[in-house]
Amino acid sequence: MTPLAKLLEAALFASAVPVPADALRVMAAHADDGESTLESALAELRDHYDNEGHGVELIEVAGGWQILTRPEYTEAIERAQLAARPQRLSAAALETLAIIAYRQPIGRAEIEEIRGVGAGAILKSLNERGLIDITGRGEGLGRPLLYGTTPSFLEQFALRHLEELPRADELAIALRAPRPATPTSVATTKDNGEAPPRAD
Amino acid sequence: MDDVRFRGTPSSGVVETAASEVFVVELAEFSGPLDLLLSLIRDEQIDIYDIPIARIAEQFLARISTLKLDEAADYLEMAARLVRIKAQMLLPRREGEDVWDDPRAELVRRLLEYQQVREVVNVLERRSEERRGRFARAYTQQAVQLPVAGPLRISLPELLSAVDRVLRLAKKPHIHDVIPRALDVDGAIGIVRALLAIRAHAHWKDVVPKKAEPWEVLSLLLALLELAKLGELRLLQPRPFAAFEINRDSSSEAA
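Just so we're clear, the structure is a prediction, and the values are computed from it rather than from any experiment.

I'd like to hear about the overall build of chain B, residue by residue, with values.
Broken down by element type, chain B carries 10 helices and three strands. The helix and strand sequence of chain B, counted from the amino end, reads α-α-α-α-α-α-α-β-α-α-β-β-α. Counting across all 255 residues of chain B, residues that qualify as buried make up 19%. A sequence separation of at least 24 residues applies to 56% of the contacts in chain B between residues at least 6 apart.

What follows is the structure, encoded as C-alpha cells:
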C-alpha cells in the first residue's frame, strides 16, 4: 500500500465514528504523498480489504469513511459477547424518523398530523438515541420546536447523505407538496395513472 | 395469612403503576389508526380512491372494540372521523351541482401520505438491518478515576472556614421581602368611632398615630370614607392639600 493509504487506515482504525471526508483531506494534504490523492488512497484501501481477504471493509457513510466488520462475522462476534447489535426501532419510531428525514425541519404537530398519533414519547426516545435533534423553532403559535435528523442517523441507517433516500418521485405515490392537497389534486393523481396501492 | 395479604397487593400495585406512567397505546400489530385503516383496506382489496365508507367504518369500530382500544383517543378520533364521513356521504347531492366535494378526499390524501411514510420505513428498515450486521471499532471511553475515599485530614478551623466560604457563596443577595398584610378597616372604624364618641371634631392627625405604617394609614382612610358613607361623620377639607377635619354628623345621631 502507498504511505497515504496506510496513514488513512490508521486514522480510520483509531476512530469509533466515521471520519469526515474533510478531516481525511486535511490529513492527506499534510502527509504530502506526491503519488496518491485522497480518492486513490481510499480506493486502494478498499480494494485491499476486498481483494486480499480481510474481516473488515471500508464503508462510505454519513459524509465520511469508516472501517466496519463484515456481516458474516456478526453472529460469532455477538455470541462471544464482544459487541451487540443495537436494538431495532419500533414501527412507530421508524415512521416518525421517516417523516422527519423528508420534512425536516418539522414540528411535532405536523408529525402527529401525518401519523394520526401522538409523537411526544417517540420524539424523546429518538432524541435520546441521537437520531434526531432540535434544529430550531417554528414561526407558528407557541414557536414550536423543530426537529431534524443527525449525522448519527445517517450512520445508523448506512446512508452516505440524505439524498440517498429515495426521492419523493421515486416512491410509488409521489410525496405531496407540504401544503394541504385539495380534492382536485387527489383526482389528478388518479388521472395520471399513478400506481394505486398494491393489494398485497 | 401471607397468602391473603399477597392476594390483596397486586391490584393496588397495578393501579399505582398505571397512574404514575403516561398511558401509551402501541400495539405490535398497528402503529396507529391510519395503519389499521390501511390494513383493512388492503385485506378487503378496496380501491383507495373509492372507499366504501360505511363498510370500513363498521369494520374499524369492530376492530378497535375487539382490540380493547376503546380508550385510545387516537383510534377513537379516527372512528369519529369515519362515522362523520359516512354521514356526509348520505347527504343528498343537489341536482345540477357539477362540483361535488368528496367528503373522503381528505382521508384519501392522508392515507396516501401515510402509505408513502410506510414505504420510506421499508427502505429505512432495510438500511438499518444492513448496518446492524456490521460492527464499528468499539471505542470505550476511559472510566474516570474516582478518588478513593479516605479519612478526612482537616483541622476544625479549616473546616469552619470552608463552611463559611460555601455559605457565603450560597447566600443570595437580600433585595426585598413583600409581606402581605391585610388592611384592618374594621379595627380602624372602631378607633374612629371611639374618638368621635368623646369628641365632636377631630383632625386627620388626631386619628393617625405618629409613625403609622402605610397599612394603618390606608385602613384609617378607608374607615373614614366608610363612616362618611354610612353618615356617621362628615369630612371637610378647607382648601386643597390641607389636612381634613372630621366632624361627628349630629343629624344622623338625631335620626
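Structure's up, so let's keep going.
Could you give an account of the interface of chain A and chain B, naming the residues involved and the relevant values?
In this complex, chain A contributes 44 residues to the contact, which on the side of chain B involves 43 residues. Those elements giving two or more residues to the side of chain A that touches chain B turn out to be strand 3 (64-69), helix 4 (74-79), helix 5 (91-103), helix 6 (108-115) and helix 9 (183-191) of chain A. It is helix 5 of chain A that provides the largest number of residues to the side of chain A that touches chain B, a total of eight residues. Of the residues contributing to the side of chain A that touches chain B, the split by class is 33 nonpolar, six polar and five charged.

Residue-level account of helix 2 (residues 33-43) of chain B, with values.
Of all the residues in helix 2 of chain B, the buried ones are Pro33, Leu34, Asp35, Leu36, Leu37 and Ile41 of chain B. The inward-facing, buried residues of helix 2 of chain B contact helix 6 of chain A together with helix 3 (53-66), helix 4 (73-90) and helix 5 (105-132) of chain B. Count one or two residues on from helix 2 of chain B and you reach Gln45 of chain B, which has phi positive near 50 degrees.

Lay out the environment of Glu164 of chain A in plain terms, naming residues and giving numbers.
You can see Glu164 of chain A is positioned in the loop between helix 8 (151-156) and helix 9. With 14 C-beta atoms packed within 10 Å, Glu164 of chain A lands in the partly exposed category.

Got a sec to walk through the packing of helix 1 (residues 3-14) of chain A against helix 3 (residues 38-51) of chain A? Specific residues and values, please.
All names here are of chain A. At a minimum axis distance of 8 Å, the contact between helix 1 and helix 3 shows a crossing angle of 70 degrees. Between helix 1 and helix 3, the interaxial angle falls into the category roughly perpendicular. Across the interface between the two elements, Leu4, Ala5, Leu8 and Glu9 from helix 1 touch Ala41, Leu42, Glu44 and Leu45 from helix 3. A breakdown of the residues in the contact of helix 1 with helix 3 according to their chemical character gives six nonpolar, no polar and two charged.

Give me the lowdown on the pairing of strand 2 (residues 56-61) of chain A, citing residues and values where you can.
All names here are of chain A. Where strand 2 lies against strand 3, six bridges are found, and the strand directions are antiparallel. In the strand pairing of strand 3, Glu57 is matched with Leu68. Between strand 2 and strand 3, which follow one another and run antiparallel, lie two residues, and Ala62 among them has a positive phi close to 50 degrees.

Describe the confidence of the model for chain A, with residues and values.
The predicted model of chain A has a mean per-residue pLDDT of 81, with 84% of residues at 70 or higher. Ignoring residues within four places in sequence, the model shows residues 174-200 of chain A, a span with pLDDT below 50, making 27 contacts including any to other chains.

Let's hear about the sheet that holds strand 3 of chain A: which residues, and what values?
Residue and element names in this part refer to chain A. With antiparallel pairing, three strands are arranged side by side in an open sheet as 1-3-2. Because the sheet does not close on itself, it has two edges, and the strands there are strand 1 (19-20) and strand 2. Summarising the sheet, strand 1 and strand 3 pair through two bridges and their orientation is antiparallel. Looking across to strand 3, one finds that Val19 is bridged to Trp65. Against the sheet, helix 1 contacts strand 1 and strand 3, and its axis sits at roughly 75 degrees relative to strand 3.

Parameters and conventions
Residues numbered from 1 in each chain as written. Chains lettered and ligands numbered in written order. Predicted model: local features only at pLDDT ≥ 70, side-chain atom pairs only at ≥ 80, totals over all residues. Helix = DSSP H or I, 4+ residues; strand = E, 2+ residues; numbered from the N terminus. Buried ≥ 20, exposed ≤ 12 C-beta atoms within 10 Å, placed from the backbone. Contact = placed C-beta atoms within 7 Å. Nonpolar A, V, L, I, M, F, W, Y, C, P; charged D, E, K, R; others polar. Axes fitted to C-alpha atoms, helices over the stretch in contact; angles between N-to-C directions. Parallel < 35°, antiparallel > 145°, perpendicular 65-115°, else oblique. Pairing = 2+ DSSP bridges. pLDDT = per-residue confidence, 0-100.

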